[in-house]
Each structure stands twice: as structure tokens, then as C-alpha cells.
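# Reading the structure
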Amino acid sequence: MRRTVFNEDHEAFRETLRAFIEAEVVPVYDDWFAAGQAPREFYYKLGELGIFGINVPEEFGGAGMDSHKFEAVLYEETARAGVQFGGSGVHVLLALPYINMLATDEQKKRYLPKFVTGEEMWAIAMTEPGTGSDLAGMKSTAKLSEDGTHYVLNGAKTFITGGVHADKVIVCARTAAPMAEDRRHGISLFAVDTKSEGYSVGRKLDKLGLRTSDTAELAFVDVKVPVEDLLGEENKGFSYLGHNLASERWGIAYGAYAQAAAAVRFATQYVRERTVFGKPVAHFQNTKFELAACQAEVDAAEAVADRATEALDAGELTPAEAASAKLFCTEVAHRVIDRCLQLHGGYGYMNEYPIARLYADNRVNRIYGGTSEVMKMIIAKNMGL
């Protein structure tokens, strides 16, 4: 089936990106994997390539695009090569939408030029120990000083992707107590400088997958945050978080589809080369049937991912549709990658093979951005159940 989601500009970007990955990432990726993170200087290269500025307005140094299709190409090409771009995904997919949506012109002038170049890497800190999907239960606080010049931030966050290398972090904290009738009230968002006194990075967490993406614990002890770094209005943070969840879940869905497609590619290559009982593994009927079934699932996920992309670009992707896309694509990826690893036999369990790393990387897709169980709750509610 012919895809219509991409045009000539997207395909030109794909060629440039593929060449960049082959030259700058593939040769050193094993070193990144062993170190547990991409080097900080790599993000400057992404800035030079223009990755960070695609959706940044031109007046602040970006390309001024209003589309997620270039991000979609990025998901496909990194998955195809069996690599990750460290923790940079959160910089663009998660942090930038909040800056574009909430920052004043004065804030954008301060934030975005260095965002585009990679001089300042951004992360977002929502999750706390004990509060994952239930963001309304967060305990971190930000109290306005008596002279009204700054907030005093206290608390802790965990599972913060990009947290080790981050220069700025969008921190969610309580500026007011929750109301009895609305637990979500009282949350605000702040752009926090990681060089601030009282800000500290704890453990770099040892994850099952996404090994090149630094993930950390953060702590705040009487951190002074200037009032000029409040994003949006005070106490309205939860509604802002909900507004951007659709694009976040789209990204997870699309990334999962891309991983599933890459798994079929890896397995197809492997079974053609691997010989068992004097024949290539590809010659056995079971192999053909397994890969055919996987390809059919990938085709379906591609259609769902493409439809969600078009809806997101048109500003029409609803929370329920985003939840449905995430649920379907991540579950497909889970099944497909597992079956493709099985076709590799024992070698599929070795980290030197991309299918093994893909298996571990993919597992978190059904957890972060809202678990599969939470997605089902959202979909069911939209069905009137």
C-alpha cells in the first residue's frame, strides 16, 4: 500500500538523517551502550543538523515547521539503524511543546536560541516516588517568597529522562493544596536552571532498556526559581499537562510502530543468512508464516500511526484517539519484536544483535506516557463505559 503521509521534503530529510546516523552514531553506538548514555557533545551535532529547531519559530532560530512528520521520520530512521539519540527525544517531543504553548515572548527569547543549538538541553520532571500515572498526587512544592520575586522549590522526582545532561528542567510542583472536589488543582510548571543552588542530580538509574538515554533522580532543597520562570499561569499546570499528553502518546505510538517495522527487517535479514540443517532459516514454512503474520501486524500499526500523525498535525487528535493509537501500536510492537527475537534463536538474546536491544528498549512503551491499563480506562470512558 502506498503511503501518503510524507512528501519530498520529508524524504530528503530522511536521506540526510540516514547518512548522519551511519557516519556519526553507528560506529560509536557500542561505546554509548556500555557507558549508559550518549556523550553531551553529541547533542551539539544534533543542533547543527537542525533536529532541535524543526518546530521552533524562525525568529528564535528554528525552521518554523508546524508538523510532527519530521519527528516521525526520526523515529523510523533511528529504529531502522537500531540506535537511540540518547536522552534528546524528551528535549524535542516533551519539553518543546510546553515552551511553544506557555512561554511568553520574553521567555522564548531567553530559552529557544540555546534550545535549538543544543547549548541548553531540556528535560521535564513530573514523576515522583510513589506518583506515576497519578500526577495529581505529587508532593513537590513551590512556595512564593514574601517579596514575590521567586518561588522556593522543594521535593524529589524520579525516572527523569535526560536528567543527567539537562541544563533546564520543566518541573511540576504544587503551588497550592489540592481541593477536595479537585485533586488536580494547585499544580504549576517552572523552567528550572539545573545550576541553581539546592538542585541536585541523584542516581543515574540503571534501566533494562534505552541504555544510551540517561535517566536520573532529581532533588530540590530550597531551590530559588525566579517568578520570570513560571510557565503559564499558576495552579493551572495539570490542564497544561493534559493538553500535551496527546502528542506525547502519539510519539510513543509512532516510535513503537517504527520499532516493530525494524524488528521485521532485522529478522528477515537474519533468517536469510542463518543456516540450520543445511538450509537458510528463511526456507522453513514456520519462518515464512511467522514473518508474514508480523508484517501484517506492522502494516496495521503503520496505518494507525499514520492516521494519528495526520490528526495531530491537523490539531484534531483527541486524548482517546491518542490513547487508542498508543495502546494498539505498543501492543503490536511487543508481539512482533518478541516473535522476531525468537527467530534469531540464541543470538537474539545477545546484546550485540540489534533485536536484543530493541526487545529491551520496547518494553517501556507500555508503561511510560501512561500504562496500557490507563489507556484502556481512557478509551472505555470515551465509549461511555
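Data block above holds the structure.
Residues numbered from 1 in each chain as written. Predicted model: local features only at pLDDT ≥ 70, side-chain atom pairs only at ≥ 80, totals over all residues. Heavy atoms only, no water.

All right, on to the packing of aromatic side chains then. By the definition in use, this model includes 16 aromatic pairs. Pairing Tyr29 with Trp32 gives two aromatic rings, centres 5.9 Å apart and planes at 55°, and the pair type is tilted. Note that Tyr29 and Trp32 are positioned in helix α2 (residues 29–35) at a spacing of 3 residues, about one turn of the helix. Exposure remark for Tyr29: the relative accessible area of 5% places this residue in the buried category. Relative to Tyr353, the ring of Tyr347 lies with its centre 5.5 Å away and its plane at 45°, an arrangement referred to as tilted. Residue class for Tyr347 comes out partly exposed when judged on its relative accessible area of 39%. The exposure class of Tyr353 is partly exposed, given its relative accessible area of 23%. What links up through ring pairs into an aromatic cluster is the set Phe20, Tyr29, Trp32, Phe42, Tyr43 and Phe85. Above the plane of the ring of Tyr44 lies Arg40, whose end atom (NZ or CZ) is 4.9 Å from the centre. (Phe/Tyr/Trp six-rings, centres within 6.5 Å; stacked < 30°, edge-to-face > 60°. Helix = DSSP H or I, 4+ residues; strand = E, 2+ residues; numbered from the N terminus. Buried < 20%, exposed > 50% of the residue type's maximum accessible area, 1.4 Å probe, protein only. Lys NZ or Arg CZ within 6 Å of the ring centre and 35° of its normal.)

Counting buried positions along strand β5 (residues 187–193) gives 6 out of 7 residues, so the element sits mostly inside the fold. As defined by bridge partners, β5 adjoins strand β8 (residues 230–231) across 2 bridges and the pair is classed as antiparallel. The residue of β8 that forms the bridge with Phe190 is Leu230. (Pairing = 2+ DSSP bridges.)

Quick look at the environment of Cys172 now. If you trace the backbone, Cys172 turns up in strand β4 (residues 168–174). Classification of Cys172 by relative accessible area gives buried; the value is 0%. Expressed as a C-alpha distance, the spacing of Cys172 and Leu189, which sit 17 residues apart in the sequence, is 4.8 Å.

We now examine the pattern of salt bridges. Inspection of the entire model under this criterion finds 24 salt bridges. Here Arg3 and Glu302 are joined by a salt bridge, their closest N and O atoms 3.7 Å apart. Pair noted here: Arg3 is in the segment before α1 (8–25) and Glu302 is in helix α8 (residues 285–313), with a separation of 299 residues, a long-range link. Of the residues examined, Arg3 reaches a relative accessible area of 25% and is grouped as partly exposed. You can call Glu302 buried: its relative accessible area is 18%. Measuring nitrogen to oxygen at the nearest pair gives 3.1 Å for the salt bridge that ties Arg110 to Asp229. Linking Arg110 in helix α6 (residues 105–117) with Asp229 in the loop between β7 (215–226) and β8, this pair joins segments that are 119 residues apart in sequence. Among the residues examined, Arg110 registers a relative accessible area of 32% and is labelled partly exposed. Shared partners join several salt bridges into a network, and the residues in it are Arg3, Glu11, Arg14, Arg18, Glu76, Glu77, Glu302 and Asp306. (Salt bridge = Lys/Arg side-chain N within 4 Å of Asp/Glu carboxyl O.)

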